[in-house]
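# Coordinate inspection notes
Residue strings, one per chain:
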Amino acid sequence: MKRKHIFLDDKTKVDRLERKIKKYERYKSYHEKTSEEDFRLQEKLAMLSVVASNFMMTGHSPTLVLTKLEEGDEVMKPVGGGQKDRAKDIICKTDFRKLYRGGKGRKIDPLMIITAICMYVMRQDNPRRGDIRYSNNFIRNVGVTKDIYRHISQKLDYKQKS
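First things first, this report covers the structure right here in the doc. Owing to the predicted nature of the structure, the values given are computational and were not obtained by experimental measurement.

Okay, the overall build of the protein next. The helix and strand tally for the protein stands at 7 helices and 2 strands. Along its sequence from the N terminus, the protein presents helices and strands in the succession α-α-β-β-α-α-α-α-α. A total of 162 residues make up the protein; the buried ones form 27% of that total. Intrachain contacts of the protein at a sequence separation of at least 6 include 60% that bridge at least 24 residues. On the protein, roughly 12300 Å² of surface is accessible, and the fraction owed to carbon and sulfur atoms is 54%.

Written as structure tokens, this is what we have:
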């Protein structure tokens with residue numbers, strides 16, 4: 001019996017190629033993936049919710065409050081808020097491997113890095129924030145120390161300046 005050739009129309013050819021490309025993209029090696037392509041992003045954002053509720057971070061969109069300007073005018077200005085959104089932006093845009101590298105004897109955990117990012121965002125709003133102590137049960141269990149926080153915050157400062 002002779003094999004029949006089935007000729008594909010253009011649309012089917014394009015669909016097949018698209019599927020192959022998607023499959024190839026999915027199986028990129030870990031070091032080739034950008035932070036946007038990282039499938040772990042959903043997990044990281046779920047962890048952000050846990051950390052944000054633990055720290056009682058202000059949620060989305062700052063509240064508008066009537067504030068007096070020096071000229072005497074009263075204007076609606078945004079006050080506070082947006083901490084969770086800013087933390088989410090940082091988490092989505094930064095590569096955790098470049099932010100803090102685990103090494104010999106250093107445990108690396110995405111929850112630890114997310115906690116440090118949240119602390120960084122909250123301290124941007126209020127540098128003398130006293131309720132973020134390293135002896136706090138949650139922070140101690142996650143594993144954030146003064147050195148780790150300093151390291152991560154320096155990298156974030158450097159990233160925001162450039």
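The discussion continues.
By the secondary structure assignment, T115 is in helix α5 (residues 110-125). The contact partners of T115, leaving out residues within four places of it in the chain, are V51, F55, F138, V142 and V144.

Time to look at the nonpolar core. Across soluble globular proteins, nonpolar side chains have a tendency to be buried as a group. Within the largest apolar cluster, 32 residues are counted, with the highest numbers of intra-cluster contacts made by F55, M57, I91, I113, I117, C118 and I152. Examining the composition of this core, we find that 10 residues originate from one element, α5, more than from any other. Once residues lying within four places of it in the same chain are set aside, the contact partners of I91 are L41, K44, L45, L48, F96, I114 and I117.

With that out of the way, let us pick up the packing of helix α3 (residues 83-93) against α5. The angle between the axes and the distance between the axes are what describe a pair of packed helices. Interhelical geometry of α3 versus α5 gives an angle of 130° and a closest axis separation of 9 Å. The angle between α3 and α5 falls in the class oblique. Between α3 and α5 lies a crossing of right-handed hand. Facing α3, whose interface residues are Q83, R86, A87, I90 and I91, α5 presents I114, I117, C118, Y120, V121, M122, Q124 and D125.

On to the packing of aromatic side chains. Within this structure, the stated rule accounts for 0 aromatic pairs. The ring of Y149 is capped by R123, whose NZ or CZ atom sits 4.9 Å from the centre of that ring.

Another aspect to go through is the environment of M47. Mapping M47 onto the fold places it in helix α2 (residues 41-55). Owing to a relative accessible area of 22%, M47 belongs among the partly exposed residues under this scheme. Separated by 65 residues in sequence, M47 and M112 have C-alpha atoms that sit 9.8 Å apart.

About the cut-offs
Residues numbered from 1 in each chain as written. Predicted model: local features only at pLDDT ≥ 70, side-chain atom pairs only at ≥ 80, totals over all residues. Heavy atoms only, no water. Helix = DSSP H or I, 4+ residues; strand = E, 2+ residues; numbered from the N terminus. Buried < 20%, exposed > 50% of the residue type's maximum accessible area, 1.4 Å probe, protein only. Contact = heavy atoms within 4.5 Å. Areas by Shrake-Rupley, 256 points an atom, 1.4 Å probe, with all protein chains shown as cover. Core = buried A, V, L, I, M, F, W, Y, C linked by side-chain atoms within 4.5 Å. Axes fitted to C-alpha atoms, helices over the stretch in contact; angles between N-to-C directions. Parallel < 35°, antiparallel > 145°, perpendicular 65-115°, else oblique. Left-handed = near helix turned anticlockwise from the far one by under 90°. Phe/Tyr/Trp six-rings, centres within 6.5 Å; stacked < 30°, edge-to-face > 60°. Lys NZ or Arg CZ within 6 Å of the ring centre and 35° of its normal.

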